[in-house]
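Residues per chain are reported as follows:
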Amino acid sequence: MTHFSTLNADLHCHSVISDGTLSPEALAERAKANGVRLWALTDHDELGGQRRARAAASALNMDYLSGVEISVTWMGQTIHIVGLGIDPDHDGILEGLRRTREGRGNRAKTMAEQLLKVGIPGAYEGALHYAGNHELISRTHFARFLVEQGVCKDTEQVFKSYLVDGKPGYVPHMWAKLDDAVSWIKSAGGVAVIA
């Protein structure tokens, strides 16, 4: 029996399937190397890495808990809700996440147009280079591109100078509704927590 008071767990991480920099397998290896015994991959708005993550955890003798992080618009703000213990094949959550991902491409193209107006060309293509899943192109991918181009020294500076409300490159997006995200998670057998 597992004693939860001594259990080392990592229940919130992202792979290249969304905005992370490592594959699900490399994340599992890193978790194991750091003493993690219970692990969850919680990519943004995507369940495509779940089978790979579960297989990698099993091969490394770690317990695995399926997960996802859903982008939500609540009271005019973007928040993130993590769903843990979900069925990654549940039709309801898969459809909800598909709808949540819609619009990212157009948003990204508009962000690139705004960056071009302030003298930064090639941002869309540059951000795509970092997006392992082009359906999930995000501000993080733009931030990495802007650092690579020497526009900013780090991603923190990029967000402060370009990718927040009132700055060039910021484009708002309406994500899932909070009630919908929690409903998808519950219907898929999971538990919803605020990220």
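This text follows the structure it describes.
Let me sum up the structure you'll find in this document. (Residues numbered from 1 in each chain as written. Predicted model: local features only at pLDDT ≥ 70, side-chain atom pairs only at ≥ 80, totals over all residues. Heavy atoms only, no water.)

Topic: the layout of surface pockets
Then comes step 1: Its boundaries defined by the atoms lining it, the largest pocket holds a volume of some 500 Å³.
Then comes step 2: Along its surface, the largest pocket is lined by 22 residues, and T78, H80, R107, R139 and W175 are the ones closest to its centre.
Then comes step 3: Secondary structure elements with two or more residues in the lining of the largest pocket: β4 (67-74), β5 (77-84), α4 (104-117) and α6 (139-148).
Then comes step 4: The element that contributes the greatest number of residues to the lining of the largest pocket is β5, accounting for three residues.
Then comes step 5: Here the residues of the lining of the largest pocket are counted per class, giving seven nonpolar, 11 polar and four charged. (1 Å grid on protein atoms, 1.4 Å probe; cavity = no way out; pocket = protein on both sides within 12 Å on 5 of 7 lines; lining within 4 Å. Points joined across faces, edges and corners; volume = space filled by probe spheres on them. Helix = DSSP H or I, 4+ residues; strand = E, 2+ residues; numbered from the N terminus. Nonpolar A, V, L, I, M, F, W, Y, C, P; charged D, E, K, R; others polar.)

Considering the packing of helix α5 (residues 123-130) against α6
Two quantities define a packed helix pair, namely the angle between the axes and the distance from one axis to the other.
Then comes step 1: Interhelical geometry of α5 versus α6 gives an angle of 110° and a closest axis separation of 8 Å. On the basis of their axis angle, the class for α5 and α6 is roughly perpendicular. Contacts from A123, Y124, G126, A127 and Y130 of α5 reach α6 at H141, F142, R144, F145 and E148.
Then comes step 2: Across the contact of α5 with α6, the residue classes tally to six nonpolar, two polar and two charged. (Axes fitted to C-alpha atoms, helices over the stretch in contact; angles between N-to-C directions. Parallel < 35°, antiparallel > 145°, perpendicular 65-115°, else oblique. Contact = heavy atoms within 4.5 Å.)

Details of the pairing of β5
Then comes step 1: Pairing of β4 with β5, which is carried by eight bridges, proceeds in the antiparallel orientation. The partner of T73 across the bridge, within β5, is T78.
Then comes step 2: Linking β4 back to β5 in an antiparallel pair, the connection comprises two residues, with M75 at a positive phi of about 55°. (Pairing = 2+ DSSP bridges.)

What to know about unusual backbone geometry
Then comes step 1: With a phi angle near 55°, D45 is a residue other than glycine that sits in the positive phi range.
Then comes step 2: Its location among the elements puts D45 in the loop between β2 (38-39) and α2 (50-59).
Then comes step 3: The backbone phi angle of N61 is positive, close to 65°, even though this residue is not glycine.
Then comes step 4: Mapped onto the secondary structure, N61 falls in the loop between α2 and β3 (63-64).
Then comes step 5: On the accessibility criterion, N61 (70% relative accessible area) is exposed. (Buried < 20%, exposed > 50% of the residue type's maximum accessible area, 1.4 Å probe, protein only.)

What about the pattern of salt bridges?
Then comes step 1: Enumeration over the complete set of coordinates arrives at nine salt bridges.
Then comes step 2: The partner of R52 in a salt bridge is E25, and the shortest N-O contact between them spans 2.8 Å. Here R52, found in helix α2, pairs with E25, found in helix α1 (residues 24-33); they are 27 residues apart in sequence, far enough to count as distant.
Then comes step 3: In this structure, R98 engages E95 in a salt bridge whose closest nitrogen and oxygen atoms are separated by 2.5 Å. Here the residue R98 and the residue E95 both occupy positions in helix α3 (residues 91-101), the gap between them amounting to three residues, near one helical turn. (Salt bridge = Lys/Arg side-chain N within 4 Å of Asp/Glu carboxyl O.)

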